[in-house]
Amino acid sequence: MTSSDERINYLDHAATTPVRPEVLGKMLPYFTEKFGNPSSLYSLAGEARYGIDEAREQVALVLGCRSGEIVFTGGGSESNNLAIKGSAAMRSPAGGHIVTTAIEHHAIIHPVEQLEKLGYEATYVGVDRTGKVDPDEFAAAVRADTFLASVMLVNNEVGTIQDVATIAQKTREASKLLGGKVLIHTDAVQGAGKLSLNVSDLGVDLLSLSAHKIYGPKGVGALYVKRGVELEPLIAGGGQERQRRSGTENVASIVGFGEAITLAESERIESRGRMQQLANKLVEGVAERIPDSSFNSSKTDRVPEISNFSFPGVEGEPVLLGLDFKGIAASSGSACSSASLEPSHVLLAMGIDPALAVGSVRISFGRETTETDVNDVLQALKDVLDQLATFPSAQN
Ligand SMILES: Cc1ncc(COP(=O)(O)O)c(C=O)c1O
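No experiment lies behind these values; they were computed from the predicted model shown. (Residues numbered from 1 in each chain as written. Predicted model: local features only at pLDDT ≥ 70, side-chain atom pairs only at ≥ 80, totals over all residues. Heavy atoms only, no water.)

J.: Can you lay out the overall build of the protein for me, pointing to particular residues and giving the numbers?
T.: Across its full length, the protein carries 12 helices and 12 strands. What you see for the protein is a C-alpha radius of gyration of 22 Å, in line with the 21 Å of a compact globule of 396 residues. Considering only C-alpha atoms, the protein reaches an extent of 65 × 55 × 35 Å along its principal axes. Intrachain contacts of the protein at a sequence separation of at least 6 include 74% that bridge at least 24 residues. Accessible surface for the protein amounts to roughly 16500 Å². Of this, 53% is attributable to carbon and sulfur atoms. The averaged location of the 50 negative side-chain charges in the protein is 5 Å from the averaged location of its 36 positive side-chain charges. (Helix = DSSP H or I, 4+ residues; strand = E, 2+ residues; numbered from the N terminus. Rg over C-alpha atoms; globule rule 2.2 N^0.38 Å. Contact = heavy atoms within 4.5 Å. Areas by Shrake-Rupley, 256 points an atom, 1.4 Å probe, with all protein chains shown as cover. Lys, Arg positive; Asp, Glu negative; His and termini not counted. Charge placed at Lys NZ, Arg CZ, Asp CG, Glu CD.)

Take a look at the structure:
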């Protein structure tokens, strides 16, 4: 437990967040009295349908788009897969080129790799030492047959923000010059509640979201699909979601997602200053107490909620276990790969030495994180690293 209280000091909000009581409260009736199938005709079904319609309006309001442009999915991974495979499947004959980056979440990289096995081609544009993509370099990768360009808004491991609007504009121009027609997709899963998601400002055709990163339920997300963009559905069946995603809707979760994104957006600007203060305290505190550590991100173009550090001579796992013993939950890289000792593909793409990359720790703040939590993790990190230096065998 932490030194100051008995609760877990949860500093892994980039992995997931707890469902907010307000969100749960909105969801609960849809498990019980409002249980109807939204596709049925009687009034009970109408209640469920109304819940979905309202949530669609809520998401659309945050994105500044029409509600008919929102497709509810089973989460961020599905949204990314729908954008990638759904656009690839529209190609006739099959084939063509995708531009993306080397630091995308695996929910982008793996579906693109699946397409490569089928004969599609892909370019993974690199990043600089801070995790930034150069918009000119990205646009220069476009070919006449490039049908999709995908760049994430905020990186989940290091928090770096990409200039999606400039990348979109330059990429579109490059494609036009070559006589092509490229769709622009952004994985905005880590941007929700942190940055503006206005799709016109971002200049994107497709945008992925996930509810569980913003205090909504797991297993629900959305894909913004600009009017006129056609995608082959991943899941065919009863034709729900205007034929774009079949299957009886996860009504309670969709309702919860609508509420979660509304709350996240309404608190976004207000929380920024507090998050920045906490981030400054953390980054300065780590540099002071652990002088041989390195900070793995951009100091300027990053969301304050996500910080990533490397500590030479240690692996991430024993550090995380040591922190866990002290009641602190943090992560090494992304949750899905944190069980492996492989250095993170994001840190490697940033040019960080593999030996340092395996000793990386991600600390990600949320709305309940306090200054005391930051003080506690600073102290705990120092203690754990000192212990590991004294007893190196504890690492084996
Ligand atoms: C950037 C990014 N994209 C996609 C996902 C996948 O979202 P989900 O867990 O809802 O499938 C995540 C979650 O870790 C993420 O951080």
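J.: Any details on helix H2 (residues 43–63)? Residues and values, ideally.
T.: Between its first and last C-alpha atoms H2 spans 30 Å; for 21 residues at 1.5 Å apiece the expected length is 30 Å, and the two agree. Within H2, burial applies to Ala45, Ala48, Gly51, Ile52, Ala55, Arg56, Gln58, Val59, Ala60, Val62 and Leu63. Contact partners of the buried residues in H2: strand E2 (70–73), helix H7 (199–202), strand E7 (206–210), strand E8 (221–225) and helix H8 (251–289). Positive phi appears at Gly64, one or two residues downstream of H2, with a value of about 65°. (Expected span 1.5 Å × (residues − 1). Buried < 20%, exposed > 50% of the residue type's maximum accessible area, 1.4 Å probe, protein only.)

J.: Lay out the pattern of salt bridges in plain terms, naming residues and giving numbers.
T.: Two side chains bearing opposite charge may form a pair once their charged atoms approach each other closely. The full count for this structure, using the stated rule, is 19 salt bridges. Put simply, Arg362 and Asp12 hold a salt bridge, and the shortest N to O gap is 3.1 Å. Taken as a pair, Arg362 in strand E12 (residues 360–364) and Asp12 in the loop between strand E1 (9–10) and helix H1 (21–27) lie far apart in primary sequence, 350 residues in all. With a relative accessible area of 1%, Arg362 lands in the buried category. For Asp12, a relative accessible area of 10% gives the class buried. Residue Glu371 is joined to Lys281 by a salt bridge in which the shortest nitrogen-to-oxygen separation is 3.8 Å. Of the two residues, Glu371 is situated in helix H12 (residues 371–390) and Lys281 in helix H8; the sequence distance between them amounts to 90 residues. Judged by its relative accessible area of 27%, Lys281 falls in the partly exposed class. Three or more residues are tied together by salt bridges with common partners; here these are Arg20, Glu22, Glu267 and Arg367. (Salt bridge = Lys/Arg side-chain N within 4 Å of Asp/Glu carboxyl O.)

J.: Explain the sheet that holds strand E10 (residues 306–310) to me, using residue names and the numbers behind them.
T.: Taken in spatial order, the three strands line up as E9-E10-E12 in an open sheet, and their pairing is antiparallel. The strands lining the two open edges of the sheet, one partner per strand, are strand E9 (294–295) and E12. Across five bridges, E10 lies against E12 in antiparallel orientation. Residue Ser307 lies in a different strand from E12, and its bridge partner there is Ile363. (Pairing = 2+ DSSP bridges.)

J.: Give a description of the nonpolar core that names residues and reports values.
T.: One broad trend across soluble globular proteins is that nonpolar side chains are buried collectively. Ranked by internal contacts, the top residues of the largest apolar core, which has 66 residues, are Leu63, Ile70, Phe72, Leu207, Leu209 and Phe257. Sorting elements by how many residues they give to this core places H8 first, with nine residues. Of the domains in this structure, domain 1 (9–18 + 268–384) and domain 2 (21–263) are the two that each give at least three residues to this core. Among all residues touching Leu207, those that are not within four sequence positions of it are Leu63, His185, Thr186, Ala188, Leu197, Val199, Leu202, Ala222, Leu223 and Tyr224. (Core = buried A, V, L, I, M, F, W, Y, C linked by side-chain atoms within 4.5 Å. Domains from an automatic or database assignment.)

J.: I'd like a description of the pairing of strand E5 (residues 146–150), backed by residues and values.
T.: Among the five residues in E5, five count as buried, and that is most of the element. Pairing geometry for strand E3 (residues 97–101) and E5, over three bridges, is parallel. From the neighbouring strand, His97 faces E5, where its bridge partner is Thr146.

J.: Which residues make up the sheet that holds E5, and what are the values?
T.: Taken in spatial order, the seven strands of this open sheet run E2-E8-E7-E6-E5-E3-E4, and their pairing is mixed. Only two strands of the sheet have a single neighbouring strand rather than two, namely E2 and strand E4 (121–125). Neighbour-to-neighbour, the strand axes of this sheet turn through a mean angle of 20°, independent of strand direction. In this structure, E5 lies alongside strand E6 (residues 183–187), joined through three bridges in parallel fashion. Bridging across to E6, Ala149 finds its partner in Ile184. Strand contacts of helix H3 (residues 76–88): E2, E3, E5, E6, E7 and E8, with the helix running at about 155° to E7, the strand carrying the most contacts. Along the sheet face, H8 touches E2, E7 and E8 and points at about 100° away from the line of E7. (Axes fitted to C-alpha atoms, helices over the stretch in contact; angles between N-to-C directions.)

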